[in-house]
Protein chains: 2
Amino acid sequence: MKIGIDIGGTNSSWGLINDKAEIIAQGKVLTKGEQHFEDYILSLANSIKKKVSKEQLTALKGIGIGAPNGNVHTGQIEFAPNLPWKGVLPLATKMAQQFDTNVLVTNDANAAAMGEKEFGAAQGIDNFIMVTLGTGVGSGFVSNGQLIYGHDGLAGELGHVIAVRDGRPCGCGRKGCLETYTSATGIVRTAEEFLSKNKTDSPLANEVNLNSHKIFLAAKEGDKTALEIFDFTGKILGQALADAVAITSPKMIILFGGLALSGNYILTPTRKYFEENLLKIYQNKVSIEQSKLPNNTAAILGAAALIN
Amino acid sequence: MKIGIDIGGTNSSWGLINDKAEIIAQGKVLTKGEQHFEDYILSLANSIKKKVSKEQLTALKGIGIGAPNGNVHTGQIEFAPNLPWKGVLPLATKMAQQFDTNVLVTNDANAAAMGEKEFGAAQGIDNFIMVTLGTGVGSGFVSNGQLIYGHDGLAGELGHVIAVRDGRPCGCGRKGCLETYTSATGIVRTAEEFLSKNKTDSPLANEVNLNSHKIFLAAKEGDKTALEIFDFTGKILGQALADAVAITSPKMIILFGGLALSGNYILTPTRKYFEENLLKIYQNKVSIEQSKLPNNTAAILGAAALIN
C-alpha cells in the first residue's frame, strides 16, 4: 500500500495504491485553497485521513509526491513560481509528521514521467521527455532509462528555458520563459493578445473567463482565431522541443496536462514546427504523443512509484 | 594498449596509450587534408602505422574515436556540418579494416567529457556538461555519472540549439545555431560584423586572416573592440548555458577547445551573463571552468576510455 500525491498549480490529487498498482481510494484539495503552507498540509492530510482507514495507513510503505520544483534530494519544494507559498517548503518533513511514514518528493513532471514509463506510452522506452502543459510547464527527462535529477535534484525545468528573448514576464522573475507561452495559462495570454490586437468575430472575444478549454472548444468549431492561437503556441513549443532534442536525443516526447487535452489542435502545429526546426540528424525520428493516461492518474501512480 | 583519436574540424590527433593512461606515441593529420573520406582514413592510418610498432599494434585492445556527430550505436559519423565529407561515413568499419581491432566511436565532445571525468576537472562529479568551443560547438552531457547518448546515439548537440532565432546561417542549413556565435569561427564572424559596422582604431581592423587567437591577443592588449567581441560572445554563450542548466542541472560546466584557451576573456563575460539568466533555483550553484587538460590530450584520453 502506497500513497501517490500530485501537487499541481490548481489542484492537489492523491490516490491510495494497492500492490497491483490500482488506485483504491482517491481525493483532492485545492492547492490554492490555503494561504499558509502549514494549513495546506493539514487540509491535504485531512482529505487523506477521511478516506483511508487506520489499517490501511498502518500498512503504508510510504508516500510519493510530485510537486512543482520538488527536490528529490531534500524533500523540499524550492522556489516554485506557480504555488501560493514562496521560498523553501519542507514538504516531506511535514507530511512525514502527519503520517509517520517514509515520504519522497520529486517534481510533478518527473512523477508523471515515471507514471508514463510504468503504465503509459513510454513503457520500454529508455530515452524520452515528458512535458506537462498545465498551470506552468514542467518536464521530466529520462535518459539511459533513468530520470535526470541533476546535481541538486532540480533538473527538468524546460518551462523556464527562454523561448522568446525579452518576451513575456514570467512568475519566476525573468522574461520569455517557455511556460509564459505554452502552458494552459500561457495560451490564454496569447488569446488575449490576439483578441486585443485584431478585430475579430471570434466567439472568444465575448468570453469573460477565458481558459484553454474554451479556446479548444472554439478551435473545434473551426474558429479561425482559435486555430491561429494554437498555431502560434505550437510554433513556440515545437521550436523549444527541437532545441531540447539536440541535448538529450529522445525517442519520444509525451505531452501531458490541461493544454495537451486539446489533442490534435496542439499536437499538429507542434509537430509541424518541431520537424521544421530539428537538426537534420534528428528529423523524422522523434515522435510527439499525447499522454494516454488519465490526467491525474499518471502523476499519482508515478509519484507512488518513487516508493519501492 | 589502446589508441585514442580526436577528430576535429581542423586537425585529427591520435595517441597510443599504455595501461597507466600515459600517451607513449602520438601524431596528427589535417582533417581537411583529403577531399575523399577513404583517402583521409588512409592518411590517418598511415600516420599511426609510421609511429606505432607491429608489436604494439598486436597488443592493441581497441581504438576509441571522438568525432563530430560520431554515433556510438552505429560507429558512423552522421551528417557532420563541419567536416569536408557529407552524409553518413562508416568510420568504425573503415578503421577496423585498417587495424583489425575493435573500434568504438562517439562524438568529440563526449570523448572530451570522458577525458575530463577520468583525468580532469570533473573527477568525481556525476552531473556536468562539457562544451567544446572549436571549429564548431559540441557538448557532452554527463548525468547520473553517465554520458547521455540518447535514443539514436546523437545526443549532446548544444552547438545546434538556436541561440538567436533567424540569426546567422549555420553549416547545418538552419539559422542562429549557438555555434555560429560561440565557436572559434563564430567569434571571428562577430569580429567581422563589429569591425565592419563601427569605425575603430582596433588593430584587428588591419588583420587579413582574423582568428580567435588574434582576437584574444588584442583583448590582452586592452583593445576595446576585442573586449566587446568577447562580451557579446560570452552573453550568447551564458544565455545558452543557463537554458541547458534548466534541463540537466549540472554541478559544473567545462569549456574546452580553441576559444576556451582565451581563459578569463571568455570566462568572465560568460559567467556574468550566465548568472543573470539563470532561474533562481540554480543561481550561484553551477561553476563554469576552463578545462585544465591539454587541449588534444583530454579528447584523446577520453576517446581511448571508450575501450575497456
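Just so it is clear, the structure is predicted and the values come from calculations on it, not from any experiment.

Undergrad: Explain the domain arrangement of chain A residue by residue, including any values.
TA: How large an interface is tends to be reported as the accessible area lost when its parts come together. Residue and element names in this part refer to chain A. Taken as a whole, chain A is organised into domain 1 (2-113 + 296-304) and domain 2 (125-292). The gap between the C-alpha centroids of domain 1 and domain 2 is 26 Å. With 19 residues of domain 1 in contact, the opposing surface of domain 2 contributes 20 residues. Take the side of domain 1 that touches domain 2: its biggest share by element is five residues, from helix α4 (residues 108-119). The residue makeup of the side of domain 1 that touches domain 2, split by class, is seven nonpolar, ten polar and two charged.

Undergrad: Please provide a residue-by-residue account of the relation of the copies chain B and chain A, values included.
TA: Superposition of the two copies of the chain requires a rotation about an axis and a shift along the axis. With an axial shift of 0.0 Å and an RMSD of 0.0 Å, the rotation relating chain B to chain A amounts to 180 degrees. The two molecules are tied by a two-fold rotation axis, judged by turn and shift. In this assembly, 100% of the residues forming the interface of chain B have copies in chain A that are likewise at the interface, indicating an isologous arrangement.

Undergrad: Would you mind going over the pairing of strand β11 (residues 252-256) of chain B in detail, with residue names and values included?
TA: Two faces make up the sheet, and in a regular strand the side chains alternate between them. Residue and element names in this part refer to chain B. β11 sits mainly inside the fold: four of its five residues count as buried. As judged from the five bridges shared by strand β8 (residues 128-133) and β11, these two strands associate in the parallel manner. The residue bridging Thr 132 from the neighbouring strand is Phe 256, located in β11. Relative to strand β12 (residues 287-290), β11 is paired through four bridges, and the arrangement is parallel. Looking at the pairing, Leu 255 lines up with Gln 290 of β12. This β-α-β element, β11 to helix α9 (residues 264-277) to β12, shows right-handed connectivity.

Undergrad: Before we move on, could you go through the sheet that holds strand β4 (residues 62-67) of chain B and cite the residues and values that matter?
TA: Residue and element names in this part refer to chain B. Strand order in the open sheet formed by five strands is β3-β2-β1-β4-β7, and the pairing between neighbours is mixed. Here the strands that pair on one side only, and so sit at the sheet edges, are β3 (23-30) and β7 (103-107). Ignoring which end each strand starts from, the neighbouring axes of this sheet average 15 degrees apart. Pairing of β4 with β7, which is carried by five bridges, proceeds in the parallel orientation. Bridge pairing in β7 places Ala 67 opposite Asn 107.

Definitions and limits used
- Residues numbered from 1 in each chain as written.
- Chains lettered and ligands numbered in written order.
- Predicted model: local features only at pLDDT ≥ 70, side-chain atom pairs only at ≥ 80, totals over all residues.
- Domains from an automatic or database assignment.
- Contact = placed C-beta atoms within 7 Å.
- Helix = DSSP H or I, 4+ residues; strand = E, 2+ residues; numbered from the N terminus.
- Nonpolar A, V, L, I, M, F, W, Y, C, P; charged D, E, K, R; others polar.
- Least-squares fit on C-alpha atoms with pLDDT ≥ 70 in both.
- Buried ≥ 20, exposed ≤ 12 C-beta atoms within 10 Å, placed from the backbone.
- Pairing = 2+ DSSP bridges.
- Right-handed = clockwise from strand over helix to strand, strands pointing away.
- Axes fitted to C-alpha atoms, helices over the stretch in contact; angles between N-to-C directions.

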